[in-house]
Amino acid sequence: MTTRKQTQVRLNEDVLEAGKAAAAARRLDFNRYVERLIIEDTTGARAAGMTAAQRLIDEHGGFLDDLEQQLDAPYADHRPGAAA
């Protein structure tokens, strides 16, 4: 069994609210969210994920841009106020 320690962190109110919102979006409580951030940062998991994401963009960015344009094309002329 892992012993859990309690600590206190002082955050600016806007940073705290952003953190709570991010935790909620991931369906985590705030403590688990902060714990996960620390683990990802200190184990290199976050850096590895960012490296993989950048490699995906570098290798397939053009395809993704083209796909996005194709998916957006049917809606391009249906803006409010646009001539029919």
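All values reported here derive from a predicted model rather than from experimental measurement.

A.B. asks: Would you mind going over the overall build of the protein in detail, with residue names and values included?
C.D. replies: Looking only at helices and strands, the protein features three helices and zero strands. Against the globule reference of 12 Å for 84 residues, the protein gives a C-alpha radius of gyration of 21 Å, more extended than a compact globule. Oriented by its inertia axes, the alpha-carbon framework of the protein measures out at about 65 × 35 × 25 Å. A buried classification covers 7% of the 84 residues belonging to the protein. As displayed, the protein has an accessible area near 7,800 Å², and 53% of this comes from carbon and sulfur atoms. Between the averaged position of the 11 positive side-chain charges in the protein and that of its 14 negative side-chain charges there is a distance of 13 Å.

A.B. asks: Would you mind going over unusual backbone geometry in detail, with residue names and values included?
C.D. replies: Phi at Arg 27 takes a positive value of approximately 55°, unusual for a residue other than glycine. Note on Arg 27: relative accessible area 80%, which makes it exposed.

A.B. asks: I'd like to hear about a nonpolar patch on the surface, residue by residue, with values.
C.D. replies: On the surface, a nonpolar cluster with roughly 480 Å² of combined accessible area is contributed by Leu 56, Phe 63, Leu 64, Leu 67 and Leu 71. Note on placement: Phe 63 falls in helix H3 (residues 45-72).

A.B. asks: Give me a negative patch on the surface: which residues, what numbers.
C.D. replies: Side chains of Asp 65, Asp 66, Glu 68 and Asp 72 sit close together on the surface and give a patch of like negative charge. Of note, Glu 68 is situated in helix H3.

A.B. asks: Any details on helix H2 (residues 30-43)? Residues and values, ideally.
C.D. replies: In this model H2 runs 20 Å from its N-terminal to its C-terminal C-alpha over 14 residues, within 8% of the 20 Å that 1.5 Å per residue would give. For H2, the N-terminal cap is Asp 29; the gap from its side-chain oxygen to the backbone nitrogen of Asn 31 is 3.0 Å.

Analysis parameters
- Residues numbered from 1 in each chain as written.
- Predicted model: local features only at pLDDT ≥ 70, side-chain atom pairs only at ≥ 80, totals over all residues.
- Heavy atoms only, no water.
- Helix = DSSP H or I, 4+ residues; strand = E, 2+ residues; numbered from the N terminus.
- Rg over C-alpha atoms; globule rule 2.2 N^0.38 Å.
- Buried < 20%, exposed > 50% of the residue type's maximum accessible area, 1.4 Å probe, protein only.
- Areas by Shrake-Rupley, 256 points an atom, 1.4 Å probe, with all protein chains shown as cover.
- Lys, Arg positive; Asp, Glu negative; His and termini not counted.
- Charge placed at Lys NZ, Arg CZ, Asp CG, Glu CD.
- Patch = residues over 30% accessible without salt bridge, like charges linked within 9 Å, V, L, I, M, F, W, Y side chains within 5 Å.
- Salt bridge = Lys/Arg side-chain N within 4 Å of Asp/Glu carboxyl O.
- Expected span 1.5 Å × (residues − 1).
- Polar contact = N/O pair within 3.5 Å; in protein donor to acceptor, adjacent residues only side chain to side chain.

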